[in-house]
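Summary of the model geometry
Okay, here's what each chain looks like letter by letter:
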Amino acid sequence: MKTSRRDFVKQTSLAGLAISITPSFSFGFNTDEIIGHGDFQYKVDAKWGMLDPSKVPVVNCHEMVMDRKGRMIMLTDEAKNNVIIYDQSGKLLKTWTLGLDRAHGLTLVDEGDAEYLWICDNGGRVVKTTLDGTIVSEIVSPVKEEIYTEKMSWVPTETTIGPNGDLYIADGYGSQYFLQYDKDGVFKRKFGGPGSGDSQFSTAHGITVDQRGGKTPTLLCTSRGHNSFKRFSLDGEYQETIFLPGAFVCRPVIHGDNLYAGVCWSRLRYLEQTPDSGFVTILNKENQVVSNPGGTAPEYRDGKLQLMVQSQPIFKHCHDVCIDQDENIYVCQWNAGKTYPIKLTRV
């Protein structure tokens, strides 16, 4: 049944959707519209996460994760309720806050006995909490520990946990380094830094561990200004760049064999960021782009991916995606008029 519906969508959507290379920014769209490409197509549910802003306000819906129970846990920089927990129907379950007005990065780690959250705040805090919001531990600023000099900025954006429990922190809005700590919070090394070299970064925004295909685990690190993900060993040695021309990607999110990311801006020519743009991009296990919901269809010429831009006026600044057990996508947006998450239901 699932396969036949996708086959039907392939035939009808290609005939019915005229996708132009020229982006539109009116942000009016048909909520019954099917977006995406190939086997990765979706129906837009813009009302899924809507709540009463007078009771549960948001500023930016920065990131979302799914726990063991299938609950959708979202982080916002609204200090009244940093964390909003939904069920999968979009019903509000609970909220809690640490009083952070720059909360940005949200990572879930399953330690067997329980699940925990790592939260990055752009004000310089990296904290570990229970799912109910109790702080378990906190990383000391690298300036205070003399890992950084006093002149270096510290604006953490994301974390991930290695197979051995090591913690990696992306200093994406600060000094452009990735910092590695052991499971007890003892500093081990830093790598990256600002620049245009292969092992350097322009907005080191996100990080995750890639263990797809049973291969040796590696780190996928975002270099948003470079429109790329860069692969490193767990010890911080550069390996390769996955170039995504036109896509100012946020953190990489792995589900099954595929890699997903929110695209915060697209671009038209040169390196400028097009205001109020963005889409979702999906890569397969070979790291080939297979679908761009809200964006132009991926095209390869002589093995090289061509420029990708927003094609449909659905998203403003996709900041993160979360994938559920049915491969539906939940999209969090930044600077999008205090909107709640959008659900993309896979068809």
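Further up the page is the structure itself.
Structural notes, computed from the coordinates. (Residues numbered from 1 in each chain as written. Predicted model: local features only at pLDDT ≥ 70, side-chain atom pairs only at ≥ 80, totals over all residues. Heavy atoms only, no water.)

1. A look at the sheet that holds strand E26 (residues 318-323)
For sheets, the rule is that strands pair by backbone hydrogen bonds, running either parallel or antiparallel. To be explicit about the condition: At least two bridges found by DSSP between two strands is the condition for calling them paired. A run of H or I in DSSP becomes a helix once it reaches four residues, and a run of E becomes a strand once it reaches two; helices and strands are each numbered from the N terminus. Every axis in this analysis is a line fitted to C-alpha atoms, fitted for helices over the stretch in contact. Angles between the N-to-C directions lie between 0 and 180 degrees.
The strand order across the open sheet formed by five strands is E1-E2-E28-E27-E26, and the pairing between neighbours is antiparallel. Two strands lie at the open edges of the sheet, namely strand E1 (34-37) and E26, each paired on one side alone. The mean angle between the axes of side-by-side strands here comes to 30 degrees, regardless of whether they run parallel or antiparallel. By the bridge criterion, five bridges tie E26 to strand E27 (residues 329-333) in an arrangement that is antiparallel. Among the inter-strand pairings, cysteine 318 is bridged to a residue of E27, identified as glutamine 333.

2. Some words on the layout of surface pockets
The condition is simple: Each cavity reported here is a set of points on a 1 Å grid over the protein atoms alone in which a 1.4 Å probe fits but cannot get out, each pocket an open set with protein on both sides within 12 Å along at least five of seven lines, and each lining residue one with an atom within 4 Å of a point. Grid points are joined across faces, edges and corners, and a volume is the space filled by probe spheres set on the points. Here the nonpolar group is Ala, Val, Leu, Ile, Met, Phe, Trp, Tyr, Cys and Pro; Asp, Glu, Lys and Arg are the charged ones; every other residue, Gly included, is treated as polar.
Taken as a whole, the largest pocket encloses approximately 750 Å³ of empty space. What lines the largest pocket is a set of 24 residues, and nearest its centre among them are Thr107, Leu108, Thr208, Val253 and Ile254. Broken down by secondary-structure element, the contributors of at least two residues to the lining of the largest pocket are strand E3 (61-66), strand E7 (103-110), strand E11 (158-161), strand E15 (207-210), strand E20 (253-255) and E26. Among the elements that line the lining of the largest pocket, the one with the most residues is E7, at five residues. Looking at side-chain class alone, the lining of the largest pocket contains 15 nonpolar, six polar and three charged residues. The calculated volume of the second largest pocket comes to roughly 240 Å³. Considering the residues around the second largest pocket, the lining is formed by 15 residues, among which Glu111, Trp118, Lys128, Gly165 and Lys183 are closest to the centre. Of all the elements in the fold, those that place two or more residues in the lining of the second largest pocket are E7 and strand E10 (135-138). Split into classes, the residues belonging to the lining of the second largest pocket amount to five nonpolar, three polar and seven charged.

3. Structural notes on the state of the cysteines
Put simply, the rule is: Counting rule for disulfides: a pair of cysteine sulfur atoms within 2.5 Å. When a residue's accessible area, from a 1.4 Å probe over protein chains only, is under 20% of the maximum for its type it is buried; when over 50% it is exposed; and in between it is partly exposed.
Tallying each qualifying case throughout the model produces zero disulfides. Counting only cysteine sulfurs, cysteine 250 is the nearest neighbor of cysteine 264, a cysteine outside any disulfide, at a range of 4.3 Å. Its sulfur unpaired, cysteine 322 is 7.9 Å from the next cysteine sulfur, which belongs to cysteine 332. For cysteine 322, a relative accessible area of 5% translates into the label buried.

4. So, the packing of aromatic side chains
Stated formally: Side-chain rings of Phe, Tyr and Trp, where Trp is taken by its six-membered ring, are said to pair if the distance between their centres is within 6.5 Å; with planes under 30 degrees apart they count as stacked, over 60 as edge-to-face, and otherwise as tilted. Charges are assigned to positions over rings by a cutoff of 6 Å between ring centre and Lys NZ or Arg CZ, combined with an angular limit of 35 degrees from the ring normal.
The full count for this structure, using the stated rule, is 12 aromatic pairs. For the ring pair tryptophan 48 and tyrosine 330, a centre distance of 4.9 Å and an interplane angle of 65 degrees mean the geometry is edge-to-face. Of this pair, tryptophan 48 sits in the loop between strand E2 (40-45) and E3 while tyrosine 330 sits in strand E27, and the two are 282 residues apart along the sequence. Each member of the pair, tryptophan 48 as well as tyrosine 330, carries the same accessibility label: buried. A ring pair is formed by phenylalanine 178 and phenylalanine 201, whose centres lie 4.9 Å apart and whose planes are at 65 degrees; its orientation type is edge-to-face. Linking phenylalanine 178 in strand E13 (residues 177-181) with phenylalanine 201 in the loop between strand E14 (187-192) and E15, this pair joins segments that are 23 residues apart in sequence. Per residue, the accessibility class of phenylalanine 178 equals that of phenylalanine 201, and both read buried. Over the ring of tyrosine 116 we find lysine 128; its NZ or CZ atom is 4.7 Å from the centre of that ring.

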